[in-house]
Structure formats: C-alpha cells, structure tokens
Amino acid sequence: MDAEITLLAGTAGTTIVTLLASDTWNAARNGMLALWRRVRPGQEEQVAAQLDTSRQELVDARADGDEETEREIAEEWQGRIRRLLVAHPEAATELRSLLGDLAAEAPTTVTVTQRATASGSSRVYQAGRDLHLDQR
C-alpha cells in the first residue's frame, strides 16, 4: 500500500500545482480543503493558507521563468498529501475521486516529465501509458 500511496500523492501534488495558476484553481482548492476538513479538521485554515501561498509563489515563479520553484512546490504538496494518506489511508478513495473530477476540468495542455537513474546492470522502463514487457 505504501507504493500506491506514494504514487497517488505524487499524482495529487502534480495535479494541484498544475491547477494552481489555472481557471480551475478554486475547484482544486475547495476539493483539497474538503478532504483536509474531513480527516484533519483542525488544519483546514493552515492548509488553506499554504495553498494560497503556494499559488502566489507559483504565479511569481512562472512570471520569472523559474521552473525549479514549480518542481519544489509540487514536491512539497506530494509530501504533505503522502503524509496525510499514510495517517488516513481511508482518504485515498476520496482523493482519487477528487483527482478524477479535477482532471475533467483541468487545462488540456499538460506536460509530463519522467526521470530515471540506473546504475550497474540495472534497467529502467518508463511509459506514458501501458507498458508490456516480455523478457526471458
């Protein structure tokens, strides 16, 4: 389950950052706050402030052409969401539903970046969708 939580948190963090400066920002913000309100009600105001700060930082970074800040913001949200899911794995279903709803509203242009490092005789397989391997 930990790998699944990490993957889900990664997707959620990237989605949130993608939507931070888009027209669908309010839907993403409201959805994340609803999730936090349900599982950690005492942190809702803090998370709202963090989302707003992240949004402003992203807007400023994009204006300056600072791609590293965008990656850092995504990583911060991935970590927050992963920790939330580790503590409350039952929230994964609600998060998946939220991500599905947001995907329908998301901008049509999305950039996906994959990075991998292999050492020794290791192999790395990456795919943007289905990957079928038949090695003998």
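First, a word on scope: everything that follows refers to the structure included in this document. (Residues numbered from 1 in each chain as written. Predicted model: local features only at pLDDT ≥ 70, side-chain atom pairs only at ≥ 80, totals over all residues. Heavy atoms only, no water.)

Its place among the elements puts Glu57 in helix H3 (residues 44-64). Glu57 sits in the partly exposed class, given a relative accessible area of 37%. When the C-alpha positions of Glu57 and Ala104 are compared, they lie 25 Å apart, and in sequence the two are 47 residues distant. In this structure Glu57 touches Thr69 and Ile73, once residues within four positions along its chain are discounted. (Helix = DSSP H or I, 4+ residues; strand = E, 2+ residues; numbered from the N terminus. Buried < 20%, exposed > 50% of the residue type's maximum accessible area, 1.4 Å probe, protein only. Contact = heavy atoms within 4.5 Å.)

On to a negative patch on the surface. Judged by side-chain charge, Glu57, Asp60, Asp64, Asp66, Glu67, Glu72, Glu75 and Glu76 come together as a negatively charged surface patch. With 4 residues, the single largest contributor to the negative patch is helix H4 (residues 67-87). Examined against the element boundaries, Asp66 turns out to sit in the loop between H3 and H4. (Patch = residues over 30% accessible without salt bridge, like charges linked within 9 Å, V, L, I, M, F, W, Y side chains within 5 Å. Areas by Shrake-Rupley, 256 points an atom, 1.4 Å probe, with all protein chains shown as cover. Salt bridge = Lys/Arg side-chain N within 4 Å of Asp/Glu carboxyl O. Lys, Arg positive; Asp, Glu negative; His and termini not counted. Charge placed at Lys NZ, Arg CZ, Asp CG, Glu CD.)

What follows is about a nonpolar patch on the surface. Taken together, the side chains of Tyr125, Leu131 and Leu133 present a nonpolar region at the surface, about 280 Å² in accessible area. When you line up the elements, Tyr125 lands in the segment after helix H5 (91-105). Residue classification places Tyr125 among the partly exposed positions, given a relative accessible area of 36%.

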